[in-house]
Amino acid sequence: MTLGEWIARRIGERGPMPVSEYVEACLYDTDGGFYMRGGRAGGRSGHFLTAPEVGPLFGAVLARALDAWWAELGGPDPFTVIDWGAGPGTLARSLLAAEPGCMAAGALRLVLVEVSPAQRALHPEHPLVASAARVSDALPQGASAGVIVANELLDNLPFDVVRRTAGGWEELRVSVEDGASGRFSLVAMPAPLELVAGLPDVATGTRVPVQRAARSWVAEAHRVLGRGRIVAFDYGALIDVLAERAGRSDDPAAGLGWLRTHRDHDDGSWWLSDPGSCDITADVALDQVQADHRADVCTQAEFLRGYGIEDLVAEGRAAWTERAGVGDLDALRSRSRTREAEALLDPAGMGAFSVLVWSVN
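If you're wondering where the values come from, they're calculated on a predicted model, not measured in any experiment.

K.L.:
A description of the overall build of the protein chain should follow, citing residues and the corresponding values.
P.N.:
Helix and strand counts for the protein chain stand at 15 helices and 16 strands. Across the 361 residues in the protein chain, those meeting the buried criterion constitute 54%. Summarising the internal contacts of the protein chain: among those between residues at least 6 apart in sequence, 73% fall at separations of at least 24.

K.L.:
Help me get a handle on the pattern of salt bridges, residues and values and all.
P.N.:
Counted according to the given criterion, the structure contains 16 salt bridges. In this structure, E315 engages R337 in a salt bridge whose closest nitrogen and oxygen atoms are separated by 3.9 Å. One end of the pair, E315, is in helix 14 (residues 309-323); the other, R337, is in helix 15 (residues 329-345), with 22 residues separating them in the sequence. Overall, the relative accessible area of 43% leaves E315 in the partly exposed class. For R337, a relative accessible area of 22% translates into the label partly exposed.

K.L.:
Go over the packing of helix 4 (residues 57-72) against helix 5 (residues 90-98), please, and point to the residues and values.
P.N.:
It is at 8 Å that the axes of helix 4 and helix 5 come closest, and there the two elements cross at 65°. Relative to helix 5, the crossing made by helix 4 is right-handed. Note on element contacts: helix 5 touches helix 4 through L91, S94, L95 and A98, opposite F58, G59, A60, L62, A63 and L66. Grouping the amino acids of the contact of helix 4 with helix 5 by side-chain chemistry returns 8 nonpolar, 2 polar and no charged.

K.L.:
I'd love a proper account of the pairing of strand 3 (residues 108-113), names of residues and values included.
P.N.:
The side chains of a regular strand alternate, residue by residue, between the two faces of the sheet. Summarising burial for strand 3: 5 of the 6 residues are buried, a large majority. In this sheet, strand 3 lies alongside strand 2 (residues 79-84) in parallel orientation, the contact comprising 6 bridges. Note on strand 3: the bridge partner recorded for I82 is V111. Note that strand 3 and strand 4 (residues 129-132) share 4 bridges and pair parallel. Residue L112 lies in a different strand from strand 4, and its bridge partner there is S131.

K.L.:
Give me the lowdown on unusual backbone geometry, citing residues and values where you can.
P.N.:
Geometrically, the link from D77 to P78 is a cis peptide bond, its omega value of 10° lying close to zero. Of note in this structure, D274 is not a glycine but carries a positive phi near 50°. You can call D274 exposed: its relative accessible area is 51%.

K.L.:
Any details on the packing of helix 1 (residues 3-14) against helix 2 (residues 19-28)? Residues and values, ideally.
P.N.:
Packing of helix 1 against helix 2 brings their axes to within 11 Å, and their N-to-C directions diverge by 155°. One finds that helix 1 runs roughly antiparallel with respect to helix 2. In this structure, the crossing between helix 1 and helix 2 has a hand that is right-handed. On the side of helix 1, the interface is formed by L3, W6, I7 and R10, while helix 2 contributes E21, Y22, A25 and C26. Among the residues making up the contact of helix 1 with helix 2, the classes are represented as 6 nonpolar, no polar and 2 charged.

K.L.:
Tell me about the packing of aromatic side chains, residues and numbers included.
P.N.:
Throughout the structure, instances matching the rule amount to 13 aromatic pairs. With centroids separated by 5.4 Å and ring planes inclined at 70°, the aromatic side chains of W84 and W217 adopt a geometry described as edge-to-face. With W84 in strand 2 and W217 in helix 10 (residues 212-224), the pair connects residues that are 133 residues apart, well separated along the chain. W84 gets classed as buried once you look at its relative accessible area, which sits at 9%. Ring geometry for F303 versus Y307: centroids 5.0 Å apart, planes at 50°, classification tilted.

K.L.:
Tell me what's going on with the nonpolar core, and back it up with residues and numbers.
P.N.:
Of all hydrophobic cores here, the largest spans 46 residues; its most connected members are L62, F79, I309 and L344. Looking at this core, the element that brings in the most residues is helix 4, giving 10 residues. Residue contacts for F79: discarding those within four places in its chain leaves L66, W70, L73, C102, A107, L108, R109, A145, G146 and V147. Counting residues in each nonpolar core, the second largest holds 42 residues, with V23, F159, A191 and A246 among its members.

K.L.:
So what about the environment of V202? Which residues, and what values?
P.N.:
Along the polypeptide, V202 turns up in the loop between helix 9 (193-196) and strand 9 (207-210). A relative accessible area of 12% means that V202 is categorised as buried. In the structure, V202 is positioned 37 residues away from T165 in sequence and 9.4 Å away in space, judged by C-alpha atoms. Non-local contacts of V202, meaning those with residues more than four positions away in its chain, are made with R164, W169, D240 and A243.

K.L.:
Break down the confidence of the model for the protein chain for me, citing the residues and quoting the values.
P.N.:
Here the protein chain averages 90 in pLDDT, and 89% of its residues register 70 or above. In the predicted structure, residues 41-47 sits below a pLDDT of 50 and forms 23 contacts with residues beyond four places in sequence or in another chain.

Rules and cut-offs
Each chain has its residues counted from 1, running along the sequence as written. Since the coordinates come from a predicted model, pLDDT governs what is reported: local features require at least 70, and pairs of side-chain atoms require 80 or more to be given and counted, while whole-chain, interface and lining totals use all residues. Only hydrogens and water are set aside when side-chain values are computed; all heavy atoms of the structure are taken into account. Here a helix means four or more residues in a row that DSSP labels H or I, a strand means two or more in a row labelled E, and each is numbered from the N terminus. Buried means the residue's accessible area, taken with a 1.4 Å probe over protein chains only, is under 20% of the maximum for its type, while exposed means over 50%, and partly exposed covers the values in between. Between two residues, a contact is recorded if the distance between any of their heavy atoms is within 4.5 Å. When a carboxyl oxygen of Asp or Glu is within 4 Å of a side-chain nitrogen of Lys or Arg, the pair counts as a salt bridge. Inter-axis angles, ranging from 0 to 180 degrees, are taken between N-to-C directions of lines fitted to C-alpha atoms, where helices are fitted over the stretch in contact. Crossing handedness: left-handed means the near helix sits turned counterclockwise from the far one by under a right angle, and right-handed means the same turn made clockwise. All amino acids are sorted into three groups, where Ala, Val, Leu, Ile, Met, Phe, Trp, Tyr, Cys and Pro are nonpolar, Asp, Glu, Lys and Arg are charged, and the leftover types, Gly among them, are polar. If DSSP finds at least two bridges between two strands, the strands pair. Throughout, the term roughly parallel applies to angles under 35 degrees, roughly antiparallel to angles over 145, roughly perpendicular to angles from 65 to 115, and oblique to all others. Paired rings are identified among Phe, Tyr and Trp, the last through its six-membered ring, by centres lying within 6.5 Å, and are further divided according to the angle between planes into stacked (under 30 degrees), edge-to-face (over 60) and tilted (the rest). Put simply, buried Ala, Val, Leu, Ile, Met, Phe, Trp, Tyr and Cys residues joined by side-chain atoms within 4.5 Å make one nonpolar core. Confidence of the predictor in every single residue is expressed as pLDDT, which spans 0 to 100.

See below:
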């Protein structure tokens, strides 16, 4: 039985499926989910690019931030850095290659949390690295001091969809179209009060995500970490901006401007067709994920500049000038920093991503 057939049978037995359950199955179903079948970020072998896959520069800048936070905490040993949603471990490799001061001092411990077995199999084998499907598997008692990093994780957590009407809110759920096609579509039904509690008033006809899983992740991260920082890199906006991106429509089948799909570096897939064949993400509702814990928020470009990306680029240029005649691997890596920085700081792309930093105790 394919994943699509299972979803159709589940809908036939229980009625229209919440979008969060549909997305959960499409991404993480044991047999048919996109990530469980090997979908991941990456260049030639992946389906989309995130900052660590652009090159090692992102990890080198983050290593500087880790050292700054480690020093602020008084240099604890161990200093646990949890990469939550680690994918194939690209960011961890960059951090290790950067050799931050906390690593040189013997304090650094890297914990890579990734639910997909296919991606965990790609994690680096290193004495400082632990790999687990859940943070509780690697740290049963949590981390006493350190940093939790979530790079493009919150957008990948399941979400629900609601639409504002003249009389209140209605929930959009996944159903099977009538007839022989068996295609999936969205249908409207009254929204449970607990689903829409706390949502701001938006224009009639607009549709917004409800990201309870992302909000719960923030709460869990606070429980796991004794003291330190939680930092999330992601694309998103306030809920009223997301409502504008989706536009107004009385048609449940209309597109959602804040929902994205990724497959083979193409974002043209229709998220309700061929479940498990593509990544499904939602722009992060920044006000929802901060409902219980307020964060310091800046753009990714501001964060990277604040922790010395321009210094690293200047070092790379100098190294290339010195070793251009040799043309060895180190020289080529140094030369690539300029190109990487352009992508990471792009105000129309990754540079505009949001960075949320929570200080814990």
